[in-house]
Amino acid sequence: HAKEQGRNNYQFYERRFSTSVSARLNLENRLRRALERDEFEVYYQPQVETATGEFVGLEALLRWRDPEHGLVSPDEFVPVAEDSGLIVPIGEWVLRTACRQNQAWRSARLLDVPVAVNLSARQFDEHTLLGTVAAILDETGLPPQRLELELTETLIMRNPELTAELLDAGKRLGILISVDDFGTGYSSLAYLKRFPIDRLKIDRSFIADIETEPDDAAIAQTIIAMAHTLRIDVLAEGVETVAQLRMLRNWQCSAYQGYLCSHPLPTHEMTALLRGLRAAHMLGLPEVGHA
Ligand code: C2E
Ligand code: MG
Ligand code: MG
Ligand code: MG
């Protein structure tokens, strides 16, 4: 039985965190307790320049270390955290933790790149969002240009007026803005151009089959070319093979994220990786992330 669970974690959680009202309430209570008991963790995944293999950013990804079920992925609990509003304090915790950690890596001279934090609609609706961001930057000492906020297309397009206002204020603060899961929602690049967006992240569903599906390859290549025209930076999500990386590099997609370089790592493992990279760099060895 345990073996079966190990093989299929998803079904395991599907069964545990079922969708019945009482189960959702139970999960909600457990999430509230998790926040009080400090059971959340932030993992970090490198964002890599396709041309050089250098790290150009990190994405902060939330995890829950549930004492009962072990490490739980955000897809299993973020929807409930959003419905209950708990994503607001949890999201603020992620923001503070990621900014503090990024500043620690900068201070240790291990890395000096932006950390990207995912934002949910509920946080976006809080009128205090940018005040919170500014306070956290101030408190942690992280320069604004070393923080990036990731918003989905759906969130951006839901209320274009509010989005424009918030993003303009974000720009005045000096932070970076990126569009997550690009291509899965409804928006046009031309429309997006009206917002101060620094970067598009092409959803991994378009990247997965670029080697074998000419349509997917055409879509990815077209998004990259249009982003170039509009002078928006572009990153491919979910890159797992050298062949995919080679295609993306040929299309001049500037950066990628994916298991090819690294899974998301807990803080101590990321620190160890960065130390190793710095040591290699000092010896004049090529970057490890370069495939
Ligand atoms: P996302 O922002 O699109 O994050 C990328 C997801 O793709 C991550 O899943 C990452 O582990 C996964 N990934 C990275 N490289 C590869 C690859 O090569 N292949 C495959 N198959 N997957 C890859 P993760 O960490 O489970 O996060 C899932 C989603 O949960 C995120 O998607 C994001 O929408 C949400 N999320 C994560 N952290 C937070 C957070 O702090 N706040 C909010 N509101 N949402 C979060
Ligand atoms: Mg993201
Ligand atoms: Mg994404
Ligand atoms: Mg996503």
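Per an unreviewed UniProt entry, the protein goes by EAL domain-containing protein and derives from Nitrogeniibacter mangrovi.

### A word on the overall build of the protein
The secondary structure content of the protein amounts to 14 helices and 10 strands. Since a compact globule built from 291 residues should have a radius of gyration of about 19 Å, the 19 Å found for the protein is in line with a globular shape. The buried share among the 291 residues of the protein stands at 47%. In the form shown here, the protein has an accessible surface area of approximately 14400 Å², with 50% of it arising from carbon and sulfur atoms. Side-chain charges in the protein split into 30 positive and 42 negative, and the spacing between the mean points of these groups amounts to 4 Å.

### A few points about the site of ligand 1
Ligand 1 sits among 22 residues. The nearest are R63, D180, R204, E240 and Y259. R204 places a polar side-chain atom, nitrogen or oxygen, 2.8 Å from an oxygen atom of ligand 1. Side-chain polar atom of E237 to an oxygen atom of ligand 1: 3.3 Å apart, as the coordinates give it. With the chains in place, 85% of the 810 Å² that ligand 1 exposes on its own is no longer accessible.

### Overview of empty space enclosed by the protein
Enumeration according to the criterion identifies 1 cavity of 30 Å³ or more in this entry. There is about 50 Å³ of room inside the largest cavity. Surrounding the largest cavity, L119, F124, L129, L130, L149, L151, L166, L167, G170, I175 and I177 form its lining. Among the secondary structure elements, those contributing two or more residues to the lining of the largest cavity are α7 (129-140), β5 (147-152) and α9 (160-173). Looking at the lining of the largest cavity residue by residue, the classes come out as 10 nonpolar, 1 polar and no charged.

### Some words on the pairing of strand β8 (residues 233-236)
Both strand β7 (residues 199-202) and β8 contribute to a ladder of 4 bridges, which runs parallel. From the neighbouring strand, K201 faces β8, where its bridge partner is L235. Sheet topology note: the β8/strand β9 (residues 255-256) ladder contains 2 bridges and is parallel. Bridge pairing links L235 to A255 in β9.

### Regarding the coordination of the magnesium ion (ligand 3)
At the metal site, the magnesium ion (ligand 3) is ligated by D180 (OD), D181 (OD), E237 (OE) and E237 (OE), and these contacts range over 2.1 to 2.6 Å. Counting gaps between the donor residues of the magnesium ion (ligand 3) yields the pattern D-D-x55-E. Here the magnesium ion (ligand 2) and the magnesium ion (ligand 3) are spaced 4.1 Å from one another, each receiving a donor from D180. Taken together, the residues D180 in strand β6 (residues 176-182) and E237 in the loop between β8 and α13 (242-250) connect sequence positions 57 residues apart. On the basis of relative accessible area, D180 is assigned to the buried category, the value being 7%. Using a relative accessible area of 11% as the deciding quantity, one classes E237 as buried.

### What to know about the environment of A51
Residue placement: A51 occurs in the loop between β1 (40-49) and β2 (55-66). Sequence separation between A51 and R249 is 198 residues, and the spatial gap between their C-alpha atoms is 6.5 Å.

Criteria and thresholds
- Residues numbered from 1 in each chain as written.
- Chains lettered and ligands numbered in written order.
- Predicted model: local features only at pLDDT ≥ 70, side-chain atom pairs only at ≥ 80, totals over all residues.
- Heavy atoms only, no water.
- Helix = DSSP H or I, 4+ residues; strand = E, 2+ residues; numbered from the N terminus.
- Rg over C-alpha atoms; globule rule 2.2 N^0.38 Å.
- Buried < 20%, exposed > 50% of the residue type's maximum accessible area, 1.4 Å probe, protein only.
- Areas by Shrake-Rupley, 256 points an atom, 1.4 Å probe, with all protein chains shown as cover.
- Lys, Arg positive; Asp, Glu negative; His and termini not counted.
- Charge placed at Lys NZ, Arg CZ, Asp CG, Glu CD.
- Near = heavy atom within 4 Å.
- Polar contact = N/O pair within 3.5 Å; in protein donor to acceptor, adjacent residues only side chain to side chain.
- 1 Å grid on protein atoms, 1.4 Å probe; cavity = no way out; pocket = protein on both sides within 12 Å on 5 of 7 lines; lining within 4 Å.
- Points joined across faces, edges and corners; volume = space filled by probe spheres on them.
- Nonpolar A, V, L, I, M, F, W, Y, C, P; charged D, E, K, R; others polar.
- Pairing = 2+ DSSP bridges.
- Donors = N, O, S within 2.8 Å, 3.2 Å for Na, K, Ca; no water.

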